[in-house]
Structure formats: C-alpha cells, structure tokens
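In case you want the letters, here they are:
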Amino acid sequence: MKLSTKGRYAVTAMMDLAIHDHQGPVTLADISQCQGISLSYLEQLFAKLRKEGLVEGVRGPGGGYRLGRPSSQISIAEIINAVDENIDVTRCLGNKDCHGGEKCLTHQLWEDLSGRLYGFLDNLTLASFINRPEIREVSRRQDTIASRIATMFPPRPTIGGTTVVAGAAC
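Residues numbered from 1 in each chain as written. Predicted model: local features only at pLDDT ≥ 70, side-chain atom pairs only at ≥ 80, totals over all residues. Heavy atoms only, no water.

Enquirer: Could you give me a rundown of the nonpolar core, with the residues and numbers involved?
Expert: Counting residues in hydrophobic clusters, the biggest one holds 35 residues, and the most contacted among them are M14, L17, F46, L49, I79 and L126. At the level of elements, α1 (5-20), α2 (28-35), α3 (39-51), β2 (64-67), α4 (76-82) and α6 (126-130) are the ones that each hand at least two residues to this core. Top element by residues in this core is α1. It accounts for 8 residues. Residues in contact with F46, not counting those within four places in the same chain, are A13, L17, L28, I31, V55 and Y65. (Core = buried A, V, L, I, M, F, W, Y, C linked by side-chain atoms within 4.5 Å. Buried < 20%, exposed > 50% of the residue type's maximum accessible area, 1.4 Å probe, protein only. Helix = DSSP H or I, 4+ residues; strand = E, 2+ residues; numbered from the N terminus. Contact = heavy atoms within 4.5 Å.)

So this is what it looks like as structure tokens:
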C-alpha cells in the first residue's frame, strides 16, 4: 500500500489540530505554516473532513477549526477514509478480479494484510498518537520555528484595509 499525499496530509493536519485544539480554534493558515502544506490543499481536505464530522468550523474573529469529536474518538483509519483514500493493498482494490477477472494466487494474502493494516490504523486514535513523547517533542520544535518565522515576517500594517509599505499604500 502506498498512502498518497492526500492521506498523509490529512493525518498530519488532524494531528496538528489535535495537539493545538485545547488552545481554541486553529486556522488552516497556521497548520499550513507549521506543516508545510499548501493552504488551498488544506481547504479541500478540510471540506471532506468536515463533511464526515471529524472537524467543525468556527466562524468569526478567532475562528478556525476544532475537532468534531474528542481526539480519543477519532481513528487514523477514519481520517484516511474521510479523504477518499483506500486502505487496501490488493492489486484489484478488493474486487477479486486481479487475474483475468478472477482472484489471483496471492489475493488472500494481500486481503489479509489490508485487514490487519486497517485494524491497526482503526485502533490508533489521534489522542494515543499525539501523547507519545517523541510526537510532543516534534510539535514543540515546529511551534518554535513557526513562532520565529512569524516574528521575522509580521503582518503588514493596514490603513482602512489598504496595506502600508514604507509609508506608501499598495
């Protein structure tokens, strides 16, 4: 099985959201900056995650996204499935037509592996993963780097909605 960028990014974004969820809504721009995922791609992923009830949007000032359920109730398999990824390592995608319209010699092997892989990911929740010390350390490092970047490149001041650069309006 090769997990596509879509599945990897969805899991990464959801982990970032779960880590920071206690601080209030998290913006996609923050996730984009910390995880190096394009904002437009995150918007597409979060539309699917929202449709499946894994996240909820919070409107208004200080808005962003929150988890749709506690992190202990969201499995990695659910996230992958929500963005239309398939956790299946069979060549025929489970259709049993991998060899001239029939099951191939090794179909059952790959089908069993798919079941075990799904079971593993379904038993792994966001909470159980983000509470690992090594994950917390990576998160702290990313937060520090993101904070440094934010102070190096602060938002430009605006006057009446127009960005001001070196005293001149843009």
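Enquirer: Kindly report on the side chain of S75, identifying the contributing residues and their values.
Expert: Following the sequence through the fold, S75 ends up in the loop between β2 and α4. Once residues lying within four places of it in the same chain are set aside, the contact partners of S75 are L121, D122, L124 and T125.

Enquirer: I'd like a rundown of the pairing of β2, residues and numbers included.
Expert: By the bridge criterion, 4 bridges tie strand β1 (residues 55-58) to β2 in an arrangement that is antiparallel. Paired with G57 across the two strands is Y65, which belongs to β2. (Pairing = 2+ DSSP bridges.)

Enquirer: So, the side chain of H20: which residues are in play, and what are the values?
Expert: Considering the arrangement of structural elements, one finds H20 in helix α1. With residues near it in sequence (within four places) discarded, H20 still touches V26, S139 and D143.

Enquirer: Give a detailed account of helix α5 (residues 107-123), specifying residues and quantitative values.
Expert: The end-to-end C-alpha distance of α5, which contains 17 residues, comes to 24 Å, matching closely the 24 Å that a straight helix rising 1.5 Å per residue would cover. Looking at the buried side of α5, the elements it contacts are α4. (Expected span 1.5 Å × (residues − 1).)

Enquirer: Can you tell me about the packing of α1 against α2, naming the residues and giving the values?
Expert: Running from N to C, α1 and α2 cross one another at 115°; their axes reach a closest spacing of 10 Å. Taken together, the axis directions place α1 and α2 in an arrangement best described as roughly perpendicular. Once α1 is placed against α2, the crossing between them reads as right-handed. Side by side, α1 and α2 meet where T12, A13, D16 and L17 of the first sit next to I31, C34 and Q35 of the second. Here the residues of the contact of α1 with α2 sort into 4 nonpolar, 2 polar and 1 charged. (Axes fitted to C-alpha atoms, helices over the stretch in contact; angles between N-to-C directions. Parallel < 35°, antiparallel > 145°, perpendicular 65-115°, else oblique. Left-handed = near helix turned anticlockwise from the far one by under 90°. Nonpolar A, V, L, I, M, F, W, Y, C, P; charged D, E, K, R; others polar.)

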